[in-house]
Amino acid sequence: LKDKTGTRTLASDSGSAWSWGSGLPSGSIVQVQYTQYTDIGYMSSIDAETYYVICNGTAGSGTEVLNVTITPKITNSKFLLEAQWMGEFDEYGQQHNSTFAFYRGSTILKQSGASGGIQVPWITYASLSNDDTTPNGVFLRYFDSPSISAGTATTYKLGYRQHTSDGSNMRINGTISTTDASGYERGISSISVTEIAP
């Protein structure tokens, strides 16, 4: 489908599927890619003052669980990044002293400053008596304009930084205590990226 001059393509048909063309109106949603993590994970050895990609295992070397790859269909598209993390910090002070942000490849997308991030986690309990059984959570979004060419695969990841103490830990999708019973809430974490026509 082209405009009357034949210079702008709205959509094209490969014979087996339709795809958007470069003439898609600005602000249109081109595609959505996502990763949804449903397992119960545990991220350990989180040193202070360092951003890490959320993983299941030792921070910096475990299996990354909240990342998503997108291959843009249009050059210079914008990207809406959204993520939610549900879990619990193994050290009470982390809920007061941490931030979440996104990675684009190895680049951290965040506010500047010593404690810069995008969003802080929810504080869900004020008493240490609820530690180990009451999860925390976060939801964050970010609009990215990286000037990427069509067809260039790009990976986004959810990152975390805390400044409580070295060697801290977190549970993903559950409480620190893994008891499967009422009062030990469990959930699901995810990350998504939406390509938006420039």
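Preceding this section is the structure that the text describes.
A brief look at the structure comes next. Since the model is a prediction, treat every value here as computed from it, not as a measurement.

Notes on the pattern of salt bridges
Consideration 1: Overall, the coordinates contain four salt bridges when judged by the stated rule.
Consideration 2: The residue Glu64 makes a salt bridge to Lys157 at a minimum N-O spacing of 3.1 Å. In this pair, Glu64 sits in strand S7 (residues 63–64) while Lys157 sits in strand S13 (residues 154–162), placing the two residues 93 residues apart along the sequence.
Consideration 3: Overall, the relative accessible area of 33% leaves Glu64 in the partly exposed class.
Consideration 4: Residue classification places Lys157 among the buried residues on the basis of a relative accessible area of 17%.

A look at unusual backbone geometry
Consideration 1: Located in the positive-phi region is Ser45, a residue other than glycine, with phi close to 60 degrees.
Consideration 2: Here Ser45 is to be found in strand S4 (residues 41–46).
Consideration 3: Residue classification places Ser45 among the partly exposed residues on the basis of a relative accessible area of 35%.
Consideration 4: One non-glycine residue, Ser147, adopts positive backbone phi at about 55 degrees.
Consideration 5: Checked against the element boundaries, Ser147 lands in the loop between strand S12 (136–144) and S13.

Concerning the side chain of Gln31
Consideration 1: For Gln31, the location among the structural elements is in strand S3 (residues 29–37).
Consideration 2: A polar side-chain atom of Gln31 sits 2.9 Å from a polar atom in the side chain of Gln33.
Consideration 3: Engagement of the side chain of Gln31 in a polar contact is seen with the backbone oxygen of Thr71, the distance being 2.8 Å.
Consideration 4: Ignoring sequence-local partners within four residues, the contact set of Gln31 consists of Ile70, Thr71, Pro72, Lys73, Val193, Thr194 and Glu195.

What about a nonpolar patch on the surface?
Consideration 1: A surface patch of nonpolar side chains, amounting to about 460 Å² of accessible area, comprises Leu1, Leu10, Trp18 and Trp20.
Consideration 2: Its place among the elements puts Leu1 in the segment before strand S1 (11–13).

Regarding the nonpolar core
Consideration 1: If you look at the biggest cluster of nonpolar residues, it comprises 29 residues, and the most contacted ones within it are Ile54, Phe100, Leu158 and Met170.
Consideration 2: If you list the elements that add at least two residues to this core, you get S4, strand S8 (67–70), strand S9 (78–89), strand S10 (98–104), S12, S13, strand S14 (168–172) and strand S15 (189–196).
Consideration 3: Excluding anything up to four places from it in sequence, Ile54 contacts Met43, Glu64, Val65, Leu66, Phe100, Leu158, Tyr160, Met170 and Ile172.

Definitions and cut-offs
- Residues numbered from 1 in each chain as written.
- Predicted model: local features only at pLDDT ≥ 70, side-chain atom pairs only at ≥ 80, totals over all residues.
- Heavy atoms only, no water.
- Salt bridge = Lys/Arg side-chain N within 4 Å of Asp/Glu carboxyl O.
- Helix = DSSP H or I, 4+ residues; strand = E, 2+ residues; numbered from the N terminus.
- Buried < 20%, exposed > 50% of the residue type's maximum accessible area, 1.4 Å probe, protein only.
- Polar contact = N/O pair within 3.5 Å; in protein donor to acceptor, adjacent residues only side chain to side chain.
- Contact = heavy atoms within 4.5 Å.
- Patch = residues over 30% accessible without salt bridge, like charges linked within 9 Å, V, L, I, M, F, W, Y side chains within 5 Å.
- Areas by Shrake-Rupley, 256 points an atom, 1.4 Å probe, with all protein chains shown as cover.
- Core = buried A, V, L, I, M, F, W, Y, C linked by side-chain atoms within 4.5 Å.

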